[in-house]
Amino acid sequence: GLGDVYKRQLSLFNSERWDGNLLAYDLDPITGAVDSTPAWGAAARLNARDLSVSPRTLLTYDGIDGIAFQWANLTADQKNDFRTNPDGTLDDEAAGIARHDYFRGARGCETSSSGTCSYSDGVNAFVEKSLRERGGLLGDIIHSGPVFVGAPESNWPDVAPFPGTVGDTYTEFRDAQADRPGVVYVGANDGMLHAFKQSNGAEILGYIPNALYSTGALDGLHYLTDPAYTHRYQVDLTPTIADAYIKTAPVGSASWKTILVGGLRGGGRGLYALDVTDPNSFSESGSTPAKVVLWEFTNVDDPDLGYTFSKPSIVPLDGGSGTIEWVAIFGNGYNADGDGLAKLFILRLEGGLDGVWTEGTDYVKISTGAADGLSTPAIVDTDGDGLADRAYAGDLNGNMWAFDLSGYDPNGWGVAHKSQGSPAPLFTGAANQRITTTPVIVRNSSYPTSPSNAPNVLVMFGTGQYLTTADTATTDTQTMYGILDSGSGAIGRGDLVQQVISTASTTEGLVGRTLTDNTPDYPKDDGWYIDLPDSGERIVVDPVIRADLVFFNTMMPDTDPCNQGGSGWQMVARWLTGGRPTEVSFDLNRDGLLTDLDK
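Along each chain, residue indices are assigned from 1 in the same order as the chain's sequence is written. Side-chain atom pairs in this predicted model are given and counted only at pLDDT of 80 or more, local residue features only at pLDDT of at least 70, and totals for whole chains, interfaces and linings cover all residues. Hydrogens are left out, water is left out, and the side-chain values use all remaining heavy atoms of the structure.

Caption draft 1: Region of the structure containing the overall build of the protein. The way it works is that DSSP assigns letters per residue, a run of H or I at least four long becomes a helix, a run of E at least two long becomes a strand, and they are numbered from the N terminus. Within the protein, the secondary structure is distributed over five helices and 37 strands. Taking 2.2 N^0.38 as the reference for a compact globule, 599 residues should give roughly 25 Å; the C-alpha atoms of the protein span a radius of gyration of 25 Å, in line with that estimate. With respect to the principal axes defined by its C-alpha atoms, the protein has extents near 80 × 65 × 50 Å. Here's how the labels work: a residue is buried when its accessible area is under 20% of the maximum for its type, exposed when over 50%, partly exposed in between, all with a 1.4 Å probe on protein chains only. Of all 599 residues assigned to the protein, the portion counted as buried reaches 51%. Restricting the contact set of the protein to residue pairs at least 6 apart, pairs at least 24 apart contribute 59%. In short, Shrake-Rupley with a 1.4 Å probe defines the accessible areas, and a residue's cover is counted only from the protein chains shown. Accessible surface computed for the protein: about 24,900 Å², of which carbon and sulfur atoms make up 48%. All radius of gyration figures rest on C-alpha atoms, and the globule criterion is 2.2 Å times the number of residues raised to 0.38. Contacts are assigned to residue pairs with any non-hydrogen atoms lying within 4.5 Å of each other.

Caption draft 2: Seen up close, the pattern of salt bridges. Whenever a carboxyl oxygen of Asp or Glu lies within 4 Å of a side-chain nitrogen of Lys or Arg, that contact is scored as a salt bridge. Counted under the stated rule, the structure contains 17 salt bridges. With a shortest N-O distance of 3.7 Å, Arg269 and Asp337 are connected by a salt bridge. With Arg269 in the loop between strand 13 (255-263) and strand 14 (270-275) and Asp337 in the loop between strand 17 (323-331) and strand 18 (341-348), the pair connects residues that are 68 residues apart, well separated along the chain. The partner of Asp304 in a salt bridge is Lys365, and the shortest N-O contact between them spans 2.5 Å.

Caption draft 3: Molecular detail of the pairing of strand 9 (residues 183-188). With six of six residues buried, strand 9 lies mostly within the body of the structure. Residues Val183, Tyr185 and Gly187 line one face of strand 9 and the alternating positions Val184, Val186 and Ala188 line the opposite face, and both faces are buried. Relative to strand 9, strand 8 (residues 147-149) runs antiparallel, the two sharing three bridges. Bridging from a neighbouring strand, Val149 pairs with Val183 of strand 9. As consecutive antiparallel partners, strand 9 and strand 10 (residues 192-197) are separated by three residues, and within that stretch Gly191 has a phi angle of approximately 90°, a positive value. Only when DSSP finds a minimum of two bridges between them are two strands counted as paired.

Caption draft 4: Summary view of the environment of Glu359. Along the chain, Glu359 falls in the loop between strand 18 and strand 19 (363-371). Note on Glu359: relative accessible area 45%, which makes it partly exposed. Expressed as a C-alpha distance, the spacing of Glu359 and Leu347, which sit twelve residues apart in the sequence, is 9.3 Å. With near-sequence residues (within four places) excluded, Glu359 lies in contact with Asp302 and Lys365.

Caption draft 5: Region of the structure containing the sheet that holds strand 13. Spatial strand order, 12-13-14-15: four strands in an open sheet with antiparallel pairing. Both outer strands of the open sheet, strand 12 (240-246) and strand 15 (293-298), are each paired with one neighbouring strand and no more. Going from strand to strand, the sheet's axes swing by 25° on average, the running direction of each strand aside. Of the pairings in the sheet, the one linking strand 12 to strand 13 comprises seven bridges and is antiparallel in character. Paired with Ile246 across the strands is Ser255, a residue of strand 13. Note on geometry: axes are lines fitted to C-alpha atoms, helical ones only across the stretch in contact, with angles between N-to-C directions running from 0 to 180 degrees.

Caption draft 6: Quick look at helix 3 (residues 93-104). Expected span of a helix: the number of residues minus one, times 1.5 Å. With twelve residues, helix 3 ought to run about 16 Å at 1.5 Å a step, and its terminal C-alpha atoms sit 16 Å apart, in line with that. Burial analysis of helix 3 places ten of its twelve residues in the buried class, which makes it a mostly covered element. Taken together, the buried positions of helix 3 are Ala94, Ala95, Gly96, Ile97, Ala98, Arg99, His100, Tyr102, Phe103 and Arg104. Of the surrounding secondary structure, the elements contacted by the buried residues of helix 3 are strand 4 (58-61), helix 2 (76-83), strand 6 (118-120), strand 7 (125-127), strand 10 and strand 11 (203-208). Under the rule applied, a polar contact is a pair of N or O atoms within 3.5 Å (in protein, one hydrogen donor and one hydrogen acceptor; residues adjacent in sequence only if both atoms are side-chain atoms). Looking at where helix 3 begins, the residue whose side-chain oxygen comes 3.3 Å from the main-chain nitrogen of Ala94 is Asp92. Residue Gly105 follows helix 3 closely and has a positive phi angle near 130°.

Caption draft 7: Layout of helix 2. The complete set of buried residues in helix 2 reads Gln78, Lys79, Asn80, Asp81 and Phe82. The inward-facing, buried residues of helix 2 contact strand 4, strand 5 (66-68) and helix 3.

Caption draft 8: Here's a closer look at the sheet that holds strand 28 (residues 479-485). The strand order across the open sheet built from five strands is 26-27-28-32-29, with neighbouring strands paired in mixed fashion. Taken across any chain shown, the strands that pair with only one partner, and hence form the sheet edges, are strand 26 (440-443) and strand 29 (497-499). Taken pair by pair, the neighbouring strands of this sheet meet at an average axis angle of 20°, ignoring direction. Bridge count for strand 27 (residues 457-462) against strand 28 is six bridges, and the pairing is antiparallel. By the bridge assignment, Phe461 is partnered in strand 28 with Tyr481.

Caption draft 9: Geometry of the side chain of Gln499. When you line up the elements, Gln499 lands in strand 29. The class for Gln499 is buried, based on a relative accessible area of 1%. A polar contact of 3.1 Å, which involves the side chain of Gln499, links it to the backbone oxygen of Thr577. The residues touching Gln499, leaving out its near neighbours within four places in the chain, are Leu515, Thr516, Asp517, Asn518, Tyr529, Ile530, Asp531, Thr577, Gly578 and Gly579.

Caption draft 10: A look at the packing of aromatic side chains. In this analysis, rings of Phe, Tyr and Trp, with Trp reduced to its six-membered ring, are considered paired at centre separations within 6.5 Å, and the interplanar angle assigns stacked below 30 degrees, edge-to-face beyond 60, and tilted for intermediate values. Tallying each qualifying case throughout the model produces 28 aromatic pairs. Where Tyr207 meets Tyr272, the ring centres are 5.3 Å apart and the plane angle is 45°; that geometry is what we call tilted. Of the two residues, Tyr207 sits in strand 11 while Tyr272 sits in strand 14, which places them 65 residues apart along the sequence. For the pair formed by Tyr207 and Tyr272, the shared burial category is buried. Here Tyr245 and Trp256 contribute two aromatic rings whose centre-to-centre distance is 5.6 Å and whose plane-to-plane angle is 65°, an arrangement assigned as edge-to-face. Residue Tyr245 is found in strand 12, and its partner Trp256 is found in strand 13; the two are separated by eleven residues along the sequence. Residue Tyr245 shares its accessibility class with Trp256, and that shared class is buried. Pairwise contacts between aromatic rings join Trp156, Phe162, Tyr170, Phe173, Tyr245, Trp256 and Trp326 into one cluster. Lying over the aromatic face of Tyr229, Arg132 brings its terminal NZ or CZ to 4.4 Å of the ring centre. For a lysine, the NZ atom is tested; for an arginine, the CZ atom; a charge sits over a ring if that atom is within 6 Å of the ring centre and within 35 degrees of the ring normal. Lying across the ring of Tyr102, Arg134 places its NZ or CZ 3.5 Å from the centre.

Rendered as structure tokens:
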């Protein structure tokens, strides 16, 4: 998050009626212990809200500007979405108003309602009591994690190339926002990004991406009101939130802002950007919607954008002449309608403010030349100047790519490694070892960095996919890798040192895993790997670095849909070697101590 908070948020979903919840638990500020009783639940708070007295603040996008999510403000295409019947035909406007009001929170039309659902558009009278029954107004929250935003906490410098003029510095912005109230942002599969007060869980904003509207019978927002509804993903990506020095209108001057960039994940091919600097100003009135909603970028703007599973990073790049260019960087995702190649997208945050995206001016994309989409990249600053200059991302063919983003000229950006003049991966893997997670990057500490071995980093990632129904049955061997990037690519498994997993028991009979501790001889060796031994075992969540260790979770899906989803292992290795830790790392007997009893 972007601020201190002594709460833990937990998002939930109920698959019976596809409603969801966001629970907050207080943490002990000294011990970190989690209270057993939630401090608040966002679903209960929203369900109990008297919408006639306290209407919701809901915004959407008309293709150029943010607008209030009111029937009169919607475009003709957006209204047609709500007018669409389950059989795909268009109903009259009053039917559309009924579905739109359902989306805003009206419940009189739900199948369990005992009331009468009556609407009129001035011409047509409409009575309906057959819209989908909901368990609550908040939809299911599955893959989108809650993100907390409080007072700004970044440490951008107050000297060039960052703004250094009095009145423009990051320090002044941070001080001015020191009392900003905490807000939790999370996407849900009810078609909205939600913003909840950290203090009590009250919803203060909902954003409905324009990319979700459709008149397809089984698509669009109207389908959420269909009594025959079966689950669809909508706003399912964890949002990215960061402070950036940008303009938030096509004209005017730049200033420090807190920007949210979110996406649809399996819900569609699209990203959106919001200005969330001042949550106290969220409103449907006047010019506020246009100020809050900055832009959307979808596959209509570029067909090489696939389903937006890739989480964006908001970072500064070298803008030339002592300036900075703030951008959102992400992989093109999966199942794009373009040429089918894996590509890295670099969007200028100011690029889409006029509603038009022009390649080369508003955004840049770098093609790997290889098939299938690019997953979430890790962005790094290799030379310590505060600006991003390199990105790493995997693809669905098991390749790990390095991208050079140094310098201010986009024509100089590209895949960092070449083979006979063509883009080449840093690491060439097997096609059945798909990379769907984000790598973690650390400096190789075994020898000093020099121009001859730069950037001298280890790139760690796991392989495996768990995105489709068919993935539950795959049993290909998957692997945890640590790959050295010392300026040359074309690395394969034969260039790596292997570590082997075994099982063992503690003196108290607790079963765990052990690792070998073979030492790579850098730079002769190019890293390490650990094959996962259990059938169907894979890595589908990002690894985490703590001190000299890398922690990673594995999972084995359960093919029985009535079970809880499977099992897995939590593992830890030394990131320099991939071998076993030198110290005890897990409290296996749960006595609160790390001792020889846990070996």
